[in-house]
Amino acid sequence: MRPLIDTESPLPIARRGLMLVISSPSGAGKSTIARNLLEQDSRFSLSVSVTTRTRRASEIDGVHYHFISRDEFTRLQTGDALLEWAEVHGNLYGTPRDAAEKAMREGRDMLFDIDWQGARQLQEQAKTDIVSIFILPPSMAELRSRLNRRAEDSAETIQMRLRNAKVEIERWRDYEYVVINDDLDRAFGAVLSIVNAERLRRDRRPGLFDFTAALLEEADKLMDG
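Residues numbered from 1 in each chain as written. Predicted model: local features only at pLDDT ≥ 70, side-chain atom pairs only at ≥ 80, totals over all residues. Heavy atoms only, no water.

Draft legend 1. The overall build of the protein, seen in detail. Summing up its helical and strand segments, the protein has eight helices and nine strands in all. C-alpha atoms of the protein, sized along the principal axes, occupy 80 × 40 × 30 Å. Looking at the 225 residues of the protein, the share that counts as buried comes to 44%. Looking at the protein alone, contacts between residues at least 24 apart form 70% of all its contacts between residues at least 6 apart. Of the accessible surface of the protein, which amounts to about 12400 Å², a share of 52% is contributed by carbon and sulfur atoms. (Helix = DSSP H or I, 4+ residues; strand = E, 2+ residues; numbered from the N terminus. Buried < 20%, exposed > 50% of the residue type's maximum accessible area, 1.4 Å probe, protein only. Contact = heavy atoms within 4.5 Å. Areas by Shrake-Rupley, 256 points an atom, 1.4 Å probe, with all protein chains shown as cover.)

Draft legend 2. View of the sheet that holds strand 3 (residues 50-51). Across the sheet, which stays open at both edges, the four strands sit in the order 4-3-6-5 with mixed pairing between neighbours. Since the sheet does not close on itself, it has two edges, and those belong to strand 4 (66-67) and strand 5 (82-88), each with one partner. Here strand 5 pairs with strand 6 (residues 91-96) via six bridges, running antiparallel. Across the sheet, Ala 86 pairs through a bridge with Tyr 93, a residue of strand 6. (Pairing = 2+ DSSP bridges.)

Draft legend 3. Layout of the UniProt feature "binding site: ATP" (unreviewed entry) in the protein. When the UniProt feature table is mapped onto this chain, "binding site: ATP" (unreviewed entry) is found at Ser 24, Pro 25, Ser 26, Gly 27, Ala 28, Gly 29, Lys 30 and Ser 31. Positionally, Ser 26 belongs in the loop between strand 1 (19-23) and helix 1 (30-40). Apart from the residues within four sequence positions on either side, Ser 26 is in contact with Leu 143, Leu 147, Arg 150, Arg 161 and Glu 168. In terms of polar contacts, Ser 26 uses its side chain to reach the side chain of Arg 161, at 3.5 Å. (UniProt positions renumbered as here; feature names shortened; annotations may be inferred. Polar contact = N/O pair within 3.5 Å; in protein donor to acceptor, adjacent residues only side chain to side chain.)

Draft legend 4. Examining the sheet that holds strand 9 (residues 177-180) more closely. With respect to topology, five strands assemble into an open sheet ordered 2-7-1-8-9, the strand pairing being parallel. One side of each edge strand has no neighbouring strand; the edge strands of this open sheet are strand 2 (44-46) and strand 9. For this sheet, the mean angle separating the axes of adjacent strands, direction not counted, is 25°. Where strand 1 and strand 7 (residues 109-113) come together, four bridges link them in parallel fashion. (Axes fitted to C-alpha atoms, helices over the stretch in contact; angles between N-to-C directions.)

Draft legend 5. Structural context of the packing of helix 1 against helix 7 (residues 184-199). Running from N to C, helix 1 and helix 7 cross one another at 60°; their axes reach a closest spacing of 10 Å. It follows that helix 1 is oblique to helix 7 by the angle criterion. Between helix 1 and helix 7 lies a crossing of right-handed hand. Residue-level inspection shows Thr 32, Ile 33, Asn 36, Leu 37 and Gln 40 of helix 1 in contact with helix 7, the latter providing Leu 184, Ala 187, Phe 188, Val 191, Leu 192 and Val 195. Looking at the contact of helix 1 with helix 7 residue by residue, the classes come out as eight nonpolar, three polar and no charged. (Parallel < 35°, antiparallel > 145°, perpendicular 65-115°, else oblique. Left-handed = near helix turned anticlockwise from the far one by under 90°. Nonpolar A, V, L, I, M, F, W, Y, C, P; charged D, E, K, R; others polar.)

Draft legend 6. Geometry of the pairing of strand 5. The buried fraction of strand 5 is high, at five of seven residues. Between strand 5 and the antiparallel strand that follows it, strand 6, lie two residues; His 89 among them carries a positive phi value of about 55°.

Draft legend 7. Local environment of the packing of helix 5 (residues 140-150) against helix 6 (residues 155-169). Between helix 5 and helix 6, the shortest axis-to-axis distance is 11 Å and the interhelical angle comes to 140°. With respect to helix 6, the axis of helix 5 lies oblique. Crossing of helix 5 against helix 6: the hand is right-handed. Residue-level contacts link Met 140, Leu 143, Arg 144, Leu 147, Asn 148 and Arg 150 of helix 5 to Ile 158, Arg 161, Leu 162, Ala 165 and Ile 169 of helix 6. Grouping the constituent residues of the contact of helix 5 with helix 6 by class yields seven nonpolar, one polar and three charged.

Draft legend 8. Main features of the environment of Ser 31. By the element assignment, Ser 31 lies in helix 1. The partly exposed category is assigned to Ser 31, whose relative accessible area is 39%. Sequence separation of Ser 31 and Arg 161 is 130 residues, and the distance between their C-alpha atoms is 15 Å.

Draft legend 9. Quick look at the pairing of strand 1. In terms of burial, strand 1 is a largely internal element, five of the five residues being buried. Residue alternation in strand 1 divides its side chains into two sets, Met 19, Val 21 and Ser 23 and Leu 20 and Ile 22, and both sets are buried. Taken together, the five bridges between strand 1 and strand 8 (residues 130-136) define a ladder with parallel strand orientation. Opposite Ser 23, over in strand 8, you have Phe 134 as the bridge partner.

This is the structure in C-alpha cells:
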C-alpha cells in the first residue's frame with residue numbers, strides 16, 4: 001500500500017475530529033480499506049461496534065466487534081447508549097455512544113465501518129462531522145467471487161448477502177463520495193485523498209481563528225515598526 005501523505009499543517013492548529021463512514025455491500029472491500037487506513041494513520045480510532053452476530057473464526061472479540069446477546073443489545077438500545085443501530089442480515093449492530101463522543105471531544109478522527117442504515121442515523125445526528133464514502137464492487141460477478149474466496153460463510157449466507165447487496169447498492173446516492181474498488185491500491189488511494197482534503201476544511205479547524213488573528217496582529221506590529 002502507498003504511504004499516507006500527511007497534508008496537515010505542522011503548526012499546532014486546533015482541529016475538530018471527523019467521523020469517517022465507510023459503507024459497502026458485504027465483500028466489496030470496506031473492511032480491508034478501513035483496516036489499511038487504521039494501520040497507516042494513527043490519528044484514526046476505530047469505532048468497534050456491538051453485534052449479536054456469531055463470531056467468525058478469524059475475528060477477535062473487542063477488536064473486530066463486541067459480540068453480545070440480543071438481551072444485552074436491547075438494554076443498550078433502550079438506554080440510549082448507542083449512537084446508531086441497525087439490523088443487517090438478521091443480526092443487530094450498533095455503535096457505542098461514549099467512545100465516539102470522547103474521541104470527538106479530544107479532536108481525534110473516528111472510523112465507522114457500518115452499513116447504510118447506520119450511516120443514515122449518524123448523518124441525522126452529526127451531519128457536520130460526517131464524511132461518508134460508499135465502496136462499490138466493479139461487478140456483481142466479482143462480488144460473488146470475493147464472497148466465495150472469503151470461505152467464511154455458508155452457500156445460503158452468500159446468496160442472502162448477494163440479494164441484500166442490491167438493496168445496499170441502491171443507497172449510493174446517500175453518500176458524499178463513491179469509490180469503485182476494482183483495484184485495492186487505487187481504491188485505497190482515493191480514500192486517502194478524500195481524508196486529506198476533508199481534514200483541511202476550514203470548518204474542521206477552529207484553531208484557524210486564533211492563528212489568523214495572530215497573523216493580523218503580527219502584520220500590524222510590523223507595519224507600525
